[in-house]
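# Structural overview
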Amino acid sequence: TIRGSNYRFYPDSYYNFVHKETMTMIKKIIIALISLAVAGAAGYYLSGLVHDKAIQPDSLPDKVQSFIKTYFPDERIAFSKEDRDFLKITYEIILTDGTKMEFRRNGEWKEIDRHTTRLPDGILPKEITDKAAELYPEAVIIAAESDDRDIEVRLLSGMELKFDNNTNLIDIDR
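### Re the packing of aromatic side chains
Considering all chains together, one arrives at three aromatic pairs under this definition. Seen in terms of ring centroids, Phe-67 and Phe-103 are 5.3 Å apart; in terms of plane orientation they differ by 75°. Their pairing is edge-to-face. Of this pair, Phe-67 sits in helix α2 (residues 62–71) while Phe-103 sits in strand β4 (residues 100–104), and the two are 36 residues apart along the sequence. Of the residues examined, Phe-67 reaches a relative accessible area of 12% and is grouped as buried. One aromatic cluster is present, formed by Phe-67, Tyr-71, Phe-72 and Phe-103 through successive ring pairs.

Have a look at this one:
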């Protein structure tokens, strides 16, 4: 200490240490703030890629409109929407009789649910309807779901039959 004062003399290494510690803390705070800003901007951008939007029936792909006119000629579209999930687009439709349908971007059906009414002939491959009738003679197929690997149908009784893409029965579930 210097005579006559309470001032203590610290070597330069102490000040350098305190300065480095302070600078490290400031850097961490700046990095955290930049990260939050980038995350917010990314979230805002991505929110535009994921959304549901009601659309007019005439805005549906031609293949979807043709499918509905072919298999449900007496029904009208009560509601239709475009569902965007990043790069995947699907169309969800509800007809005036309550039938719910979902179509892929290319216009192929993904899911059809008539609740208690038989699916129209021609939607499913004949092998699937024949197998359902063979196993359950009184069967009424009321719903179907198709993906890249299989087709699953639901009967009015609650039974579910699963077929591969070659229409081979691969599972039965209740």
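Once the structure has been displayed, the description carries forward.
### Focus on the pattern of salt bridges
A side chain with one charge may pair with a side chain of the opposite charge, provided their charged atoms come close. Enumeration according to the criterion identifies 10 salt bridges in this entry. Note that Arg-84 and Glu-82 form a salt bridge whose closest N and O atoms lie 3.1 Å from each other. What makes Glu-82 buried here is its relative accessible area of 9%. The salt bridge partner of Lys-162 is Asp-150, with a shortest N-O separation of 3.8 Å. Here Lys-162 is found in strand β8 (residues 160–164), whereas its partner Asp-150 is found in strand β7 (residues 150–155), with 12 residues between them in sequence. Asp-150 sits in the buried class, given a relative accessible area of 9%.

### Regarding the nonpolar core
Ranked by size, the top nonpolar core spans 28 residues in total, and within it Phe-67, Met-101, Trp-109, Leu-124 and Val-153 carry the most contacts. Contributing elements (two or more residues each) for this core: α2, β3 (88–95), β4, β5 (109–113), α3 (126–135), β6 (141–146), β7 and β8.

### A few points about a nonpolar patch on the surface
Together, Met-23, Ile-26, Ile-30, Ile-34 and Val-38 give the surface a local cluster of nonpolar side chains, amounting to about 430 Å² of exposed area. Looking at the secondary structure, you find Ile-30 in helix α1 (residues 12–47).

### Thoughts on the environment of Arg-154
Mapping Arg-154 onto the fold places it in strand β7. With a relative accessible area of 27%, Arg-154 lands in the partly exposed category. Between the C-alpha atoms of Arg-154 and Ile-141, which are 13 residues apart in sequence, the distance is 5.8 Å. Residues contacting Arg-154, with those up to four places away along its chain left out, are Asp-113, Val-140, Ile-141, Ile-142, Ala-143, Met-159 and Glu-160.

Calculation rules
Residues numbered from 1 in each chain as written. Predicted model: local features only at pLDDT ≥ 70, side-chain atom pairs only at ≥ 80, totals over all residues. Heavy atoms only, no water. Phe/Tyr/Trp six-rings, centres within 6.5 Å; stacked < 30°, edge-to-face > 60°. Helix = DSSP H or I, 4+ residues; strand = E, 2+ residues; numbered from the N terminus. Buried < 20%, exposed > 50% of the residue type's maximum accessible area, 1.4 Å probe, protein only. Salt bridge = Lys/Arg side-chain N within 4 Å of Asp/Glu carboxyl O. Core = buried A, V, L, I, M, F, W, Y, C linked by side-chain atoms within 4.5 Å. Patch = residues over 30% accessible without salt bridge, like charges linked within 9 Å, V, L, I, M, F, W, Y side chains within 5 Å. Areas by Shrake-Rupley, 256 points an atom, 1.4 Å probe, with all protein chains shown as cover. Contact = heavy atoms within 4.5 Å.

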